[in-house]
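# Topology and contacts: notes
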Amino acid sequence: MGVMWRFWLTAAAILFMVVSSTAQHLLQRSYIPSGTRSTVQACLEELQQQTHITLSYSSGSLDTRRRATLPARQLTVQEALDLLLKGTDVRIVEREDKILLVPADPGPAPAANRVLNGYLKDSLSREVLIGAVIYVPALNLSAVTNSYGFYSISLPAGSYQVVSAYAGYRPDTAVIAPENSGRHDVLLSPVALMTEVKVNNRRQERADHIHLTPADINGKPALLGETDVMRTLQHQPGVQGLQDGSSAIMVRGGDPGQNLHLLDGIPLYSIDHFYGLASVFNTDAIKSVDFYKDAYPARYGGRLSSVVDVFTKDGHMEHLGGQVNIGLLKSSLSLDGPLIKDKAAFMVTGRRTWADIIWRPFDPSVALDFYDLNAKVNYIINKNNRIYLTFFNGRDQFGVRNDPVDARIRWGSSMAGIKWTSVVHPKLFVHTSATYSAFRYETRSKIYDSNNPTVMDYYTGTSRIQDIAGRVQADWYAGTRHRAEFGIKYSQAFFRPVAVDYAESLQGAFADVVATPFQAGELVLYAEDEWKATDRWTLRAGLHWAAWQGKSFGYNSLQPRLYTRYLLKEGHSLYGAVTRMAQFLPLLTNNTMGFATDFWLPSNERIRPEEAWLYSLGYAGRYRQHLTYRLDVYYKEISGCVTYNSGAAVFDHAANWEDQIAQGRGWSYGAEVFLQERLQPFTLSVAYTLSKTMRQFDALNGGAAFPFRYDRRHNLHLDLEYQPRPHILATAGWLYMSGEAVTLPDQIVPDFDNNLTGSFGSGVPFTYNYPSWNSYRLPAIHRLDLAISFIKKRRRYYERTWSIGIYNAYGRKNIIGIMINYDDNNQARLEGTTLFRYIPTLSYRLKF
Amino acid sequence: MRKHIRPLLWYILATVSIIGLAACEKDLKLKDPSGPHRIVLLGELIAGDSVALRGGQTQSPLSGGNFELPRNMEVAVSGGFGTYAASGREDFLSQVLYTLAYNIAAAPEAGQSYTVTAKDPDLGEAHAHITVPPPFTAVLVDTQRTVLNGEQLLQVQIRIQDPPATGYYVIETLDQTGGLVFRFFYEGKWRRADEESVLYDSLKNAGANVDERLDTVYTNVIRRPLLTYDPHVLNSSNGAQRSLRRILLTDEAFNGQPYTITFYIPADGLSAMPGELKRLALQVKSVAPEYFAYLRSYEKLDPYAGFGYDNAPVVQLPTNLTNGLGMIGGVYRQQLLWYFNE
């Protein structure tokens, strides 16, 4: 409790200092009016010219033709506006980087008697734009497009200027005349290459989540030149990689299995290729990514630590095009285009690794390869209805043939879905989906008889999950200040957690073991309302209820979701979230040494669900126009964490796999800082996390708490971008992470059984003494990655990019494992295994 | 143009400098995880049997398994029978087991508590408190040969009469090979001539009249794996045909009641060669709780785990020694012996 109090007091003190130190008001700027008598309109224009402040007002609420005189002496903006507005019913509101003149008594919300709604799309491809903003400055009203590019905004009578904007696109301004209402689709034009970065960087991040576009992902240096959405997320504070080189992420003390990975809204169980060298999300297929680490909307559930919501491209409605990517690790080909012009489009991307082909000449005993395939078709039935078909399949294989044993591991995910979106009413958008998702892990061992060409199977161990789901969600744009979202989802999951099939020839010595397959159904109901209580204060409150029901067990979880944001002044906001999440399908992870493995273990009568409470508080601010920053603090408490019991391995004890599981609790707290300084042509980003993450299991470590394996006290990313010319982008990224916490023995002890029986037969004559779990710290991980891209754009669609660079440029020996080795003098010493040093990166991308 | 190229040149220069610096790389040192060496005691205090413990010391995990024997360590056992002390004796197993033998002629009694203390001038003092469980009975109900999954097995049924005060049982089967040991009697004790050959030779050379005898001693104990489908066995594999080094059973389901357990022993090699003395010792033990906890962890131990990339987390072995490591288990033992025919 004491720790909690200290944590929150410190957090509050830091936030107070930041808020106090950044006070700077537009209204306090001073200027000297000309002193001539003119109209209010002319006075306001003069004020804008002299102070460079944007004023927004509607002639419907302010008589701008009235004549007024301002004294010809130094006035603050506040004083000038007070004089001009004296006797009117207009009040002054400072908002972001502008000043709004709005009706003094908002009283009841303006009588919204018409609804503006529609889609925001790319003007070339007709792709819908997710997370784009449509804004009515005079009313200080805004709406954000949903996951299907739809928006709806209620307007009162009058003529209004409406601005539509999206990162990387030229803003569109339109005047909505009083007689115009209803459908207003907007086509936004992508900006030319020359100004793309500038516009990107001027984007305002929404405080509740991070929104990424392919431009954000492709701009980061990456291992082997393979850009990856998961690696890009590692550059966010609060997010860290598993080990050096891994694309998997851990968010605020959670393990990788606690992240909800959605591909077009369908959950994926495995997202790693090559044990995390790359993720299954093909950048070529991605339209945008939404990443949440705390303020989860009520529609998300089923995982504790984060949501990575990946949306793939719909396909070009006008033109057949594509993209070729050739890298050192893998290559990909993407094609998209119209099936029926402006009605239906397709997108297909495929990737395959080169690694097996490159590796084979050096070591034929090792087999490693992967592929993945994304496909999507969409059809616009009419202006209000559209359907989507989505498909994904990805497989990995890793094997070692060490005669006479040939051991292989295969794993992969598949998913398919059909979705229908419908604008039922200008204020009501409904999307309905039916989806299928599956994951399979297989470990197989064969024995070769060198005197006999026949191959003898030894055993095959499998773990499998399949689920089918149906969901209906409605987005209801209730009025000018309310936006509600509610939905229902039902899924049925089929599990075969562990099965071991021994070869027929071995049946005498070993019997097959099959954990009883079982099913579980999950019903989810959710609702939330985003309420713009005042011009400055937004509150989003929701509830997510989930019930997990099997034949002999049942759990349910009511999860409140609360997010609030208060706009302090231009560019400065304070926000906070309290959320509860539950996970009925935890991923079994190893808390000490060893590779992480993908065993999804459903909650049942013996394994209770994982649940977490997360409290977070943050401050987002800006200094002038070039420095933006965010400061966040959080505290997370997890119950029901799963891990392996001491000495357990699931495939060794397949029938009673639940016995191999230990459940306990975990907690994590920390502070996060994000800074971005833009001084063209340089952009510097700093993401730093100070955190502590612990676990406690009654069955492990004598019941005492111990550091989580990936408890990294410090995590720092420094990224520098340099773009001297539009077609050259150089990047340097430096990473520092505290070392992993691992469990190592401090002594070896003569073996008990050998001594008890007075014989020497069990193989190893000693046992290890482990003083405490995860009490040994590996050295810190740090490295410098450098890359430079040369972009050439010709005509409207053709663009090619060469990227070269070096990963871990100064060759730091970052450790991913430990072993004892003996030198020439037979002297034992502890040595770390290092994989990635001085790795050259090279990739070629061609868009056509 | 020039103003754009200049920063780029700086960038390239910085890159080359960093790569150049990397040429001066050093090996990344990992700190030694080793802690101080500690006293190790291993063995059982068995009701009605003389005390036979093994004592050693720990070594650094980086020692490559080069153990040193604690030649100056003394072990004392005190309890209802008084206090007995013993010095370590190096025997033919010491160089492979890394321990010295500590033997005391006194026998602990069931239901009594004892303190074992080990003192070493370099390692300090370690002690353990052990309670020997009260008596219980275990009787052989039935044995029969059977075939399971094509394997020849000996099916054994044992009935345990569980007293309310005890609750932790261990079943083991040991293959033992017998041999003749020549003993002589001196100063009130029968002594092995092979272990105290200097004394025996001096007595004979002095013409002393020494009583002598030949005893059959069973040594070279090898564990015979066990298999059981008993639902109350804690380390059973619940249907999987997995060999167990020992069966671990609690009386949670049958406290104070008789309980019959069925298990299987591989039936191969249940015979002796001509002239060979062999027997199978089936031991049913009631053990102290801390010993049971130790064995439960020990049964999960992968002897090869430690620094590899095993998925299974490490196993921490508990100890009942203060300032030391290892385990001295309190045991009340029932033993059934089968002598093999040629």
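Just above, that's the structure.
As a starting point, this report considers the structure included with it. (Residues numbered from 1 in each chain as written. Chains lettered and ligands numbered in written order. Predicted model: local features only at pLDDT ≥ 70, side-chain atom pairs only at ≥ 80, totals over all residues. Heavy atoms only, no water.)

Residue and element names in this part refer to chain A. Across the sheet, 4 strands lie side by side as β10-β9-β12-β14; this open sheet has antiparallel pairing. Looking at strand neighbours, the two that pair on one side only are β10 (141-144) and β14 (172-176), the edges of this open sheet. Looking at each pair of strands side by side, their axes are set apart by 20° on average, direction ignored. Relative to β14, strand β12 (residues 160-165) runs antiparallel, the two being bridged by 5 bridges. (Pairing = 2+ DSSP bridges. Helix = DSSP H or I, 4+ residues; strand = E, 2+ residues; numbered from the N terminus. Axes fitted to C-alpha atoms, helices over the stretch in contact; angles between N-to-C directions.)

This part covers unusual backbone geometry. Going from Q680 of chain A to P681 of chain A, the amide bond is cis rather than trans, its omega being 10°. Inspection of the secondary structure assignment puts P681 of chain A in the loop between β44 (661-679) and β45 (682-697). Residues other than glycine seldom take positive phi values, yet Y838 of chain A does so here, at roughly 45°. The topology assignment puts Y838 of chain A in the loop between β56 (828-834) and β57 (839-847). Positive phi values are uncommon outside glycine, yet E187 of chain B reaches one of about 50°.

Residue and element names in this part refer to chain A. A sheet is described by the order of its strands in space; here 5 strands give the open sequence β17-β24-β25-β20-β21, paired in mixed fashion. In the strand order of this sheet, the two ends are held by β17 (210-212) and β21 (266-267), each with one partner. Where strand β20 (residues 259-263) meets β21, 2 bridges bridge the pair, whose relative direction is antiparallel. Bridge assignment links L262 to a residue of β21, and that residue is P267.

With that settled, the discussion passes to the pairing of strand β43 (residues 627-644) of chain A. All names here are of chain A. With 16 of its 18 residues buried, β43 lies for the most part within the structure. Across 13 bridges, the pairing between strand β42 (residues 610-623) and β43 is antiparallel. Along β43, the bridge assignment pairs Y615 with Y635. Hairpin connection of β42 to β43: 3 residues between the antiparallel strands, including R624 at a positive phi of 50°. As defined by bridge partners, β43 adjoins β44 across 17 bridges and the pair is classed as antiparallel. Residue pairing in the sheet places S639 in a bridge with R665 of β44. (Buried < 20%, exposed > 50% of the residue type's maximum accessible area, 1.4 Å probe, protein only.)

Here the focus is the nonpolar core. Ranked by internal contacts, the top residues of the largest apolar core, which has 52 residues, are L41, L45, V116, I158, I261, F263 and I328 of chain B. Not counting chain neighbours up to four residues away, the residues in contact with V116 of chain B comprise L41, L45, L53, V75, A76, V77, A126, H127, A128, I130 and I328 of chain B. (Core = buried A, V, L, I, M, F, W, Y, C linked by side-chain atoms within 4.5 Å. Contact = heavy atoms within 4.5 Å.)

With that out of the way, let us pick up a nonpolar patch on the surface. Residue and element names in this part refer to chain A. On the surface, L339, I340, V377, Y379, I381, I387, L389, I418 and W420 cluster together into a nonpolar patch covering about 760 Å² of accessible area. Residue assignment for the nonpolar patch shows that the elements contributing at least two residues are β27 (330-340), β29 (366-382), β30 (385-402) and β31 (405-425). When residues of the nonpolar patch are assigned to their parent elements, the largest contribution, 3 residues, is made by β29. Relative to the helices and strands, W420 is located in strand β31. (Patch = residues over 30% accessible without salt bridge, like charges linked within 9 Å, V, L, I, M, F, W, Y side chains within 5 Å. Areas by Shrake-Rupley, 256 points an atom, 1.4 Å probe, with all protein chains shown as cover. Salt bridge = Lys/Arg side-chain N within 4 Å of Asp/Glu carboxyl O.)

All right, on to helix α3 (residues 77-85) of chain A then. All names here are of chain A. Buried residues of α3: V77, A80, L81, L84 and L85, and no others. The buried residues of α3 occupy an angular sector of 120° when projected down its axis, which confines them to one face. Just beyond α3, the residue with positive phi is G87, at close to 85°. (Arc of directions from axis to C-beta.)

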